[in-house]
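Chains, contacts and geometry: an overview
The primary structure of each chain is shown beneath.
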Amino acid sequence: MVTVAIVFYNAMPYFPSALRSCLRQTFEDFELLLIDDGSCDGSLEHAKEVELLDRRVRVYADGRNLKLNIRLNEAVKLARGRFFARMDADDIMMPWRLEHQLEMQRKYGECFLGGSAISIDLANNVRGYRSVRKRVSNIWQARHLFIHPTLFAPTALFKKYPYNESFLFHRSQDAELWIRVWDRVRCISDARPVIFYRESEAIGIENYLGTAFGLAAIAFRLQGVSSIGKLFWLGRVFANTWIVCAMVLFGKSRLLVGLRSSTISSADRLFFTRLIADIREVRL
């Protein structure tokens, strides 16, 4: 019924927890497709070990480093499931994710579906609640439609609207896709958390600049937007980039990461902390 796809590159030491969480779903009619993007840290060897232990796991590796946007399209082509679920190699899936998102697909019909997340740090400590955007009032806001690894949709929809494989978007392939489809396909963002989303307190300048470069290209290519509108969004991208770079240089990146999440109650924090511990203790 479902293909869960993880594209991984040097994903240790978080990879084992990600795989455990995928294999501990309340819904069991799925395959776990693991696509290596040229890892050299033991991730591929671990994936092959798991493949031997669980018949639902398939590993694909060709030794090349092609980047996420190309590998995601490859995963869609290899998928056997009627539905396709995104997942990242350093995140942790909630046990109810597949069951819940299948119910949502039945409720809303064919759509791109995303969920919210619980933010965790590198040591698996719960940071807060990552909400989703409920309304999109203009095409530029569509870049924040989903938390990418929560995405769930019919496989046929991913085939109809593939990721852009240009190197321009190797860091912003999700935003490019959302902007391209937001007025063509029904897009639903659900408030129930479906993953633990891992966030480092440090922001990598190189990665952020790659994302900003892609966003600038997206703004420049916006359809149905005037030249003044494009210049406005380009200005926003460059201004945000300067602010982020300045805060990183002055050691304030932790503040930026903290702004992405809202606080949760003590009871919820305890619940999710125990849930992470339970998932990490699952034996493959």
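Structure: see above.
The structure contained in this document is the topic of the report that follows. Because the structure is predicted, anything quoted here is derived from the model rather than measured.

1. Notes on helix α2 (residues 43-53)
Because the α-helix completes a turn every 3.6 residues, residues three or four places apart line up on one side. By the burial criterion, the buried members of α2 are S43, L44, H46, A47 and V50. Here the buried residues of α2 occupy an arc of 160 degrees about the axis, which is enough to place them on one side.

2. Brief notes about the pattern of salt bridges
In the structure shown here, the tally under the stated rule is ten salt bridges. Here D37 and R71 are joined by a salt bridge, their closest N and O atoms 2.8 Å apart. Taken together, the residues D37 in the loop between β2 (30-36) and α2 and R71 in helix α3 (residues 68-78) connect sequence positions 34 residues apart. We classify D37 as buried; its relative accessible area is 4%. Residue classification places R71 among the buried residues on the basis of a relative accessible area of 0%. Notably, a salt bridge pairs R130 with E199, separated by 2.6 Å at the nearest N-O pair. Residue R130 is found in strand β7 (residues 126-130), and its partner E199 is found in the loop between β9 (187-198) and α7 (205-221); the two are separated by 69 residues along the sequence. E199 carries the same exposure label as R130, and that label is buried.

3. Comments concerning the environment of A117
Summarising the element assignment, A117 is placed in strand β6 (residues 112-120). When sequence neighbours within four positions are dropped, the list of residues in contact with A117 reads G128, Y129, R130, I147, P193, I195 and Y197.

4. Let's talk about the pairing of β9
Note that strand β5 (residues 92-93) and β9 share two bridges and pair antiparallel. Its bridge partner being in β9, M93 is matched across the sheet by I195. Examined bridge by bridge, β6 and β9 share nine bridges and lie parallel to one another. Across the sheet, G114 pairs through a bridge with S189, a residue of β9.

5. With respect to unusual backbone geometry
Residues M12 and P13 are joined by a peptide bond in cis, for which omega reads 10 degrees. Structurally, the position occupied by P13 is in the loop between β1 (2-8) and α1 (15-23). The backbone of N10 shows a phi angle near 45 degrees, a positive value even though the residue is not glycine. The residue N10 is located in the loop between β1 and α1 in this model.

6. Section: a nonpolar patch on the surface
On the surface, L52, L53 and L284 cluster together to form a nonpolar patch covering roughly 350 Å² of accessible area. With respect to the secondary-structure elements, L52 resides in helix α2. What makes L52 exposed here is its relative accessible area of 78%.

7. Considering the pairing of β7
As paired elements, β6 and β7 share four bridges and run antiparallel to each other. Across the sheet, the residue bridging to S119 is G128, located in β7. Between β6 and β7, which follow one another and run antiparallel, lie five residues, and N124 among them has a positive phi close to 70 degrees.

8. Examining the environment of L275
Checked against the element boundaries, L275 lands in helix α10 (residues 266-280). L275 sits in the buried class, given a relative accessible area of 9%. On a C-alpha basis, the gap between L275 and S131 in space is 19 Å, while along the polypeptide they are 144 residues apart. If near-sequence neighbours (up to four positions away) are discounted, L275 is found in contact with R24, M94, P95, W96 and F196.

9. Section: the packing of α1 against α2
Contact geometry of α1 with α2 gives a least axis separation of 11 Å together with a crossing angle of 25 degrees. One finds that α1 runs roughly parallel with respect to α2. Of the two elements, α1 crosses α2, and the hand of that crossing is right-handed. Between α1 and α2, the contacting residues are F15, P16, L19 and L23 on the first element and S43, H46, A47 and V50 on the second. Taken together, the residues of the contact of α1 with α2 break down into six nonpolar, two polar and no charged.

10. Here's the deal with the packing of aromatic side chains
The final tally for this structure, using the stated rule, is ten aromatic pairs. Between the aromatic rings of F83 and F152, the centroid separation amounts to 5.6 Å while the plane-to-plane angle is 20 degrees, which identifies the pairing as stacked. Here F83, found in strand β4 (residues 83-88), pairs with F152, found in strand β8 (residues 152-154); they are 69 residues apart in sequence, far enough to count as distant. Overall, F152 belongs to the buried group, its relative accessible area being 0%. Considering the side-chain rings of F146 and W178, the 4.9 Å spacing of their centres and the 80 degrees angle between planes classify their relative orientation as edge-to-face.

Basis of the calculations
- Residues numbered from 1 in each chain as written.
- Predicted model: local features only at pLDDT ≥ 70, side-chain atom pairs only at ≥ 80, totals over all residues.
- Heavy atoms only, no water.
- Buried < 20%, exposed > 50% of the residue type's maximum accessible area, 1.4 Å probe, protein only.
- Helix = DSSP H or I, 4+ residues; strand = E, 2+ residues; numbered from the N terminus.
- Arc of directions from axis to C-beta.
- Salt bridge = Lys/Arg side-chain N within 4 Å of Asp/Glu carboxyl O.
- Contact = heavy atoms within 4.5 Å.
- Pairing = 2+ DSSP bridges.
- Patch = residues over 30% accessible without salt bridge, like charges linked within 9 Å, V, L, I, M, F, W, Y side chains within 5 Å.
- Areas by Shrake-Rupley, 256 points an atom, 1.4 Å probe, with all protein chains shown as cover.
- Axes fitted to C-alpha atoms, helices over the stretch in contact; angles between N-to-C directions.
- Parallel < 35°, antiparallel > 145°, perpendicular 65-115°, else oblique.
- Left-handed = near helix turned anticlockwise from the far one by under 90°.
- Nonpolar A, V, L, I, M, F, W, Y, C, P; charged D, E, K, R; others polar.
- Phe/Tyr/Trp six-rings, centres within 6.5 Å; stacked < 30°, edge-to-face > 60°.

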